[in-house]
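# Results of the structural survey
This is what each chain is made of:
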Amino acid sequence: MKKAIAILSVLVGFGCGDDSSGVPDAGGLDGSARDVPGADRDAGSTDAEVSADAPSDARTDVPAADAGPPAEGSVTLRVVADRGSASSHRGAVPFAPGVLADVTLLRLVDASGDEVVVDTSILATWPLDGSVRSVLLGFDADLSTGEEAEFELQYGTAPSTPGAAAVYVEDPQSVVLVDGEWLAGSRTSGPLVTEASNTRFPDFDSQVTRYLENMSPSFEEYGVSCRGTSAHRTYYDSPHTTWIYYQRAAGVERFRRAEAESQWYRENELEWVDGRDMAVQVCQGSDWSPEVKIDWGVIRRMTGQGMLDDYLLTGNPDAREAVIAMGEAFIRSLPAQLCGRENSLRVTERNLAWTLMGVAAYYALRPEPEVRAGLDILLEEAVSWQAAGSTGAFEHDIVRPDPEECSDGPAGASPFMTSLLVDGLMDAHMLVDDPRIATVVEGVATWLRDDAVTPGGDAFRYLWGCASNGYEDTSSELNNLIVHVFGAAAWVSDDAAWLDAGDAFADAGLADLYGGRPKQWNQTVRGFSRYIGYRAALRAP
């Protein structure tokens, strides 16, 4: 952390200085990139207990959000002993902003109304108001293999017998499932809508489930591919998308899938640096240091969102460590990324997008001034980049990142990569009070609606501003990734008119939906799920 502070002070105080710094140009993956046979690795696990007490750099107490009485309510928990008989159970319960101010006011009762002693540990808090974002629970109840039991977690009510600090246990024999509507409203992965409540776009849910179940080769047969994304299992953040998939229809199978996907990523795709202080994705190689730009292909394979989801929904400290280590790598490498022969974060929207997502996830777990400074630098990049143009797009030379797709485009943009940047901006919007984010998001939505569409008006150009190829006949398949921008614009402006355009693009996208590979399945689930979540705040889902 001290190194990150020193780096940020240089950036904030002095800027890049001489552009002839000689920092190597990332330039995308080249022939030296290596394939990693991740799919063939053994994903084993241990039964060791890992302490989940709040770490030394985390908040151990939570101030009341206001001087009024605590909120009161309850959430239903369903415990399933899916892997054998179990008498001790561990699970994480997320809370929306402002709901839980005092973790000591949690009381657990069983189906008979009898109180059960529950251990608790705060996993994370919401930076804007200090309320609790997620709590790890531990409690006892005898269940035989396959048996399940229902409990009610009451908040705002003190237990008669306080518990101790909850302790995370690896590979538990049971799963603690949280009520689906509660999960969807918790904003763990942004606003969501359960499948049961999604009456406007039910075909989306049936299609993504069908594609996942019938994928051939299966999702799990894919591995790590450093030379391309089509065969890369986790591209577009499969831990994030599988946790979204779980939250929208909470069940044992989906929980275990998301849990396993998160563990697979950590075991197969993280390259630890400087001990375990930093981490990059393995395609970067083992000799990386923060004085070197992170490769473009590596930036987009770093899954801050998914690791954050995993921590908030399981309490697994390995996920927390991954979020922080990737966040440190992003922050410490900012001088290299922003300086040298070019600002790599502005070469293409996705470079800034994935970096912003990673640092926002880091700030979500460590809301300290030093991490906030890194987040603010990235937000300033987005604001100033958009302001440098006149359309609402993040205008740049689109030949530089995609010479095979455009040979003449000095001032263009990518609609689908821009949508990823809005995703990162909305992650930050949940954590910080920066009104500029809303302005940027509405600017992007205006550009997409008015300028980036194809002549038919039902899809977005693959690239906008390309003189050598107008991309006038682009498929509407990418609508499913992009459409959440209109939901985000409605969310930040409280203006449902944005949803008129959003619904039209969503309908067209669903007609062309494809999810036959992990890449396409991930991009569809992350984008469209966010759209219907934002939409539900202003219109019936």
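So, a few notes on the structure that sits alongside this text.

The rules behind each value
Every chain is numbered independently, its residues counted from 1 as its sequence is written. The predicted nature of this model means local features are confined to residues of pLDDT at least 70 and side-chain atom pairs, given and counted, to a pLDDT of 80 or more, with totals for whole chains, interfaces and linings taken over all residues. Note: side-chain values were computed over all heavy atoms of the structure, leaving out hydrogens and water. A run of H or I in DSSP becomes a helix once it reaches four residues, and a run of E becomes a strand once it reaches two; helices and strands are each numbered from the N terminus. Throughout this description, buried means an accessible area under 20% of the type-specific maximum (1.4 Å probe, protein chains only), exposed means over 50%, and partly exposed covers the range between. We call two residues in contact when some of their heavy atoms are within 4.5 Å. Throughout this description, the term salt bridge denotes a Lys or Arg side-chain nitrogen within 4 Å of a carboxyl oxygen of Asp or Glu. Here, the term disulfide refers to a pair of cysteine sulfur atoms separated by no more than 2.5 Å. Under the rule applied, a polar contact is a pair of N or O atoms within 3.5 Å (in protein, one hydrogen donor and one hydrogen acceptor; residues adjacent in sequence only if both atoms are side-chain atoms). Strands are treated as partners if at least two bridges between them are detected by DSSP. Expected helix span is taken as 1.5 Å per residue step, with the number of steps being one fewer than the number of residues. The axes used here are C-alpha line fits, helices contributing only the stretch in contact, and every angle between their N-to-C directions lies in the interval 0 to 180 degrees. Paired rings are identified among Phe, Tyr and Trp, the last through its six-membered ring, by centres lying within 6.5 Å, and are further divided according to the angle between planes into stacked (under 30 degrees), edge-to-face (over 60) and tilted (the rest). Ring-over charges, as used throughout, are those where CZ of Arg or NZ of Lys falls within 6 Å of the ring centre and within 35 degrees of the ring normal. Any angle from 65 to 115 degrees is called roughly perpendicular, while one under 35 is roughly parallel, one over 145 is roughly antiparallel, and all others are oblique. Two helices cross in a left-handed way if the nearer one is turned anticlockwise from the farther one by less than a right angle. They cross in a right-handed way if the turn is clockwise. Here the term charged refers only to Asp, Glu, Lys and Arg, the term nonpolar to Ala, Val, Leu, Ile, Met, Phe, Trp, Tyr, Cys and Pro, and the term polar to all other amino acids, Gly among them.

### Here's the deal with the overall build of the protein chain
In terms of helices and strands, the protein chain carries 17 helices and 12 strands. For the protein chain, the residues scored as buried account for 58% of the 541 residues in total. A separation of at least 24 residues holds for 78% of the contacts in the protein chain among residues at least 6 apart in sequence.

### Concerning the pattern of salt bridges
Within the structure shown, the criterion is met by 26 salt bridges. For R530, the salt bridge identified is with D427, shortest N-O distance 2.9 Å. Note that R530 is positioned in helix α17 (residues 518-535) and D427 in helix α12 (residues 415-429), a separation of 103 residues in sequence. Judged on exposure class, the residue R530 and its partner D427 are both buried. For the salt bridge of D434 with R436, the shortest nitrogen-to-oxygen distance reads 2.9 Å. Judged by relative accessible area, which is 11%, D434 ranks as buried. For R436, a relative accessible area of 30% puts it in the partly exposed group.

### Considerations on the state of the cysteines
One pass over the full model with this rule turns up 2 disulfides. Put simply, C226 and C283 are joined by a disulfide, and their sulfur atoms are 2.0 Å apart. The sign of the -85° torsion about the S-S bond sets the C226-C283 disulfide as left-handed. Here C283 lies in the loop between β12 (278-281) and α6 (296-299) and C226 lies in the loop between α3 (202-214) and α4 (238-248), a separation of 57 residues in the sequence. Here C406 engages in a disulfide with C466; their sulfurs sit 2.2 Å apart. Across the disulfide from C406 to C466, rotation about the S-S bond amounts to roughly 110°, and the bridge is consequently right-handed. Taken as a pair, C406 in the loop between α11 (369-387) and α12 and C466 in the loop between α13 (436-450) and α14 (479-482) lie far apart in primary sequence, 60 residues in all. Here C406 falls in the buried class, since its relative accessible area comes to 1%.

### Observations regarding α4
Of all 11 residues in α4, 11 are buried; the element is thus mostly enclosed. Restricting attention to buried positions, one finds in α4 the residues S238, P239, H240, T241, T242, W243, I244, Y245, Y246, Q247 and R248. Lining the buried residues of α4 we find β10 (175-178), α2 (180-185), α3, α5 (252-269), α7 (304-314) and α17. Sitting at the head of α4, D237 places a side-chain oxygen 3.0 Å from the backbone nitrogen of H240.

### Here's the deal with the sheet that holds strand β4 (residues 106-110)
One open sheet holds the 5 strands; their spatial order is β5-β4-β8-β2-β10, and the pairing between them is antiparallel. For this open sheet the edge positions go to β5 (115-116) and β10, each flanked by a neighbour on one side alone. Two elements, β4 and β5, share 2 bridges in a ladder whose sense is antiparallel. Note that in β5 the partner of V109 across the bridge is E115.

### Things to note about helix α10 (residues 349-365)
Here α10 is 17 residues long and its end C-alpha atoms lie 25 Å apart, about the 24 Å a rise of 1.5 Å per residue gives. A large share of α10 lies buried, amounting to 17 of its 17 residues.

### Focus: the sheet that holds strand β3 (residues 86-94)
With respect to topology, 3 strands assemble into an open sheet ordered β3-β7-β6, the strand pairing being antiparallel. Single-partner strands in this sheet number two, and they are β3 and β6 (119-125). Each neighbouring strand pair of the sheet contributes to a mean axis angle of 20°, computed without reference to strand direction.

### A closer look at the pairing of β3
The buried fraction of β3 amounts to 7 of the 9 residues, a majority that puts the element mostly inside the structure. With 8 bridges connecting them, β3 and strand β7 (residues 132-143) associate as antiparallel partners. What sits directly across from A92, in β7, is L136.

### Things to note about the packing of aromatic side chains
One pair of aromatic rings is described through two measures. These are the centre distance and the angle between the planes. Going through the model one piece at a time under the given rule, you end up with 25 aromatic pairs. Judged by centre distance (5.6 Å) and plane angle (75°), the rings of Y211 and Y514 are edge-to-face. Linking Y211 in helix α3 with Y514 in the loop between α16 (498-511) and α17, this pair joins segments that are 303 residues apart in sequence. Three or more aromatic residues link up through ring pairs in this structure, and these residues are F201, F204, F528 and Y531. Residue placement shows R133 over the ring face of W126; its charged tip is 4.0 Å from the ring centre. In this structure, R276 is placed above the aromatic ring of W272, and the distance from its NZ or CZ to the ring centre is 3.9 Å.

### Section: the side chain of H232
Assignment of secondary structure puts H232 in the loop between α3 and α4. A distance of 3.2 Å separates a polar atom in the side chain of H232 from a polar atom in the side chain of T234. Polar contacts involving the side chain of H232 include one to the side chain of E269, which spans 3.1 Å. Setting aside anything within four residues of it in sequence, one finds H232 in contact with G223, V224, S225, E269, Q281, R301 and P518.

### Observations regarding unusual backbone geometry
Along the chain, S216 connects to P217 via a cis peptide bond; the corresponding omega equals -5°. Position of P217 among the secondary structure elements: in the loop between α3 and α4. Non-glycine residue D237 carries a positive phi angle of around 70°. Along the chain, D237 turns up in the loop between α3 and α4. Residue classification places D237 among the buried residues on the basis of a relative accessible area of 2%.

### Section: the packing of α5 against α7
Look at α5 against α7: their axes get within 10 Å of each other, and the N-to-C directions meet at 130°. When the interaxial angle is binned, α5 and α7 end up oblique. The chirality of how α5 crosses α7 is left-handed. Taken together, the residues of α7 that come into contact with α5 (itself represented by F255, E259, S262, Y265 and R266) are G306, M307, D310, L313 and T314. Along the lines of polarity and charge, the residues of the contact of α5 with α7 split into 4 nonpolar, 3 polar and 3 charged.

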